Each structure stands twice: as structure tokens, then as C-alpha cells.
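Chain and residue survey
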Amino acid sequence: YGVYGNHGFQKTMGTKLTGEQQIYVYAYDDSGSAENTFIGSKTVYITPDTQPPVVGDVVVLSSDSKKYTVACAVSDNGFVSRVAFPTWTEENPDNKIWYEGWVYEGLAYCDIKVADFNNYNGVYYTHCYVYDGAGNQVGNGNFSTTFNNPQGSFDEISESDGTIYLRGWAFDKDALDESLEIHA
């Protein structure tokens with residue numbers, strides 16, 4: 001499209017605007033030696049978007065002792081502008097934290113940090129709210145997971161001839177048959 005060479009242009013833009021809108025187009029001077037040139041303007045009618053986004057079930061992708069990562073499928077007839085993951089624990093439902101997620105190839109992701117909940121061992125609830133460019137939103141509130149941090153005790157320490165000896169115990173409730181790696 002356009003004139004000889006690489007001089008045509010096409011652009012797709014999401015917008016929250018609706019109704020009749022005047023769109024102005026400028027040519028940008030890459031060298032910075034001249035002002036941007038006004039190419040023209042046209043009027044377009046933008047139909048209001050009333051269709052909310054679509055969100056799938058929330059699932060845990062991975063977890064370790066510091067966080068768990070959740071994901072859910074998201075889509076919209078326009079564009080997804082924001083995803084939020086409110087999270088709280090069964091023990092303290094008033095301590096709700098709204099995490100901002102990110103979207104990549106139709107999946108929304110979020111890292112939930114257990115330190116934000118005082119490393120609580122127990123049931124966590126995480127929902128996913130999806131917002132589109134027109135301000136429509138939808139939420140999915142059907143997810144909970146039990147998070148069990150490893151538990152243990154550091155009982156003794158001693159030294160002999162420049163070697164330090166540590167003694168204690170640790171286990172993970174989710175893997176009782178496995179030994180845990182300990183870092184000191």
C-alpha cells in the first residue's frame with residue numbers, strides 16, 4: 001500500500017473512545033531535524049464495546065517456598081488492558097492483596113508472594129479479574145490452593161578444628177518421603 005518503496009503505512013490502535021472521533025495523522029521525522037508533518041485527518045465512528053472479556057479457570061503453574069505462579073486463559077473482542085489477581089488466605093480474608101498480572105499469548109500470569117501473607121501455611125484464594133480497553137471487566141472466583149512451606153528446627157551448632165557442624169530437622173508436608181536440601 002502506498003507509493004514506491006517502504007513508504008506505505010498501516011496502524012492498528014486500541015481505544016477507549018466511542019462515538020464520532022476525529023483522527024489526526026502525522027509523519028514522524030526520525031532524524032529530529034524537522035518538525036513532524038501533518039498528513040491529514042479523517043472522522044470515524046467507533047462503536048461502543050459492551051462485550052466483557054473472557055477468562056478461564058485459574059491454575060497453579062509452579063510453586064516454591066517463596067511464591068506460587070498462577071495463570072488463566074484470557075481473551076477479548078478488542079484487547080485486554082489489565083489483569084488483576086486478588087489473593088487472601090483462609091485464616092485472614094480481610095488481608096486481601098491485589099496483584100497486577102501480565103498477559104502473554106492469551107494467558108494471564110501472576111506471582112503470589114507468600115511472604116506478603118507472613119508465610120502462612122494453609123489455604124490461599126486467588127481470583128482473576130480481566131479488564132478490556134473499553135473498561136468492561138469480568139472475574140473468575142473459583143480457585144483455591146493449599147500452600148505448605150517446609151517446616152523444621154535448627155537445634156544445634158558446634159565447631160571443631162575449623163569445621164562447623166549443624167544439626168536439626170526439616171520436612172515438606174507435600175513430599176514427606178523426600179529429603180529437603182538445607183542451605184546455611
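Residues numbered from 1 in each chain as written. Predicted model: local features only at pLDDT ≥ 70, side-chain atom pairs only at ≥ 80, totals over all residues. Heavy atoms only, no water.

Let's talk about the packing of aromatic side chains
The description of two aromatic rings rests on the distance between their centres and on the angle between their planes. Counted by the stated rule, this structure contains 8 aromatic pairs. Seen from their ring centres, Phe 117 and Tyr 124 are 5.5 Å apart, and the 85° between their planes marks the pair as edge-to-face. For the pair Phe 117 and Tyr 124, a shared accessibility class is recorded, and that class is buried. Through successive ring pairs, a cluster of aromatic residues spans Tyr 68, Phe 117, Tyr 120 and Tyr 124. One cation-aromatic arrangement involves Arg 82 over Tyr 131; the distance from NZ or CZ to the ring centre is 4.6 Å. (Phe/Tyr/Trp six-rings, centres within 6.5 Å; stacked < 30°, edge-to-face > 60°. Buried < 20%, exposed > 50% of the residue type's maximum accessible area, 1.4 Å probe, protein only. Lys NZ or Arg CZ within 6 Å of the ring centre and 35° of its normal.)

Section: the pairing of strand β4 (residues 59-63)
The pairing of β4 with strand β5 (residues 67-75) spans 4 bridges and is classified as antiparallel. Looking at β5, one finds that Val 60 is bridged to Val 70. Counted between consecutive antiparallel strands, the loop separating β4 from β5 contains 3 residues. (Pairing = 2+ DSSP bridges. Helix = DSSP H or I, 4+ residues; strand = E, 2+ residues; numbered from the N terminus.)

Side note on the pattern of salt bridges
Applying the stated criterion across every chain, the model contains 1 salt bridge. Glu 100 is paired through a salt bridge with Arg 82; the nearest N and O atoms lie 2.8 Å apart. Taken as a pair, Glu 100 in strand β7 (residues 97-100) and Arg 82 in strand β6 (residues 80-89) lie far apart in primary sequence, 18 residues in all. Residue classification places Glu 100 among the partly exposed positions, given a relative accessible area of 45%. (Salt bridge = Lys/Arg side-chain N within 4 Å of Asp/Glu carboxyl O.)

A look at unusual backbone geometry
For Asn 118, which is not a glycine, the phi torsion comes out positive at approximately 55°. As for its placement among the helices and strands, Asn 118 is situated in the loop between β9 (107-113) and β10 (122-126). Judged by relative accessible area, which is 70%, Asn 118 ranks as exposed. With a phi close to 50°, Asp 161 is a non-glycine residue in the positive phi region. Inspection of the secondary structure puts Asp 161 in the loop between β14 (151-160) and β15 (163-171).

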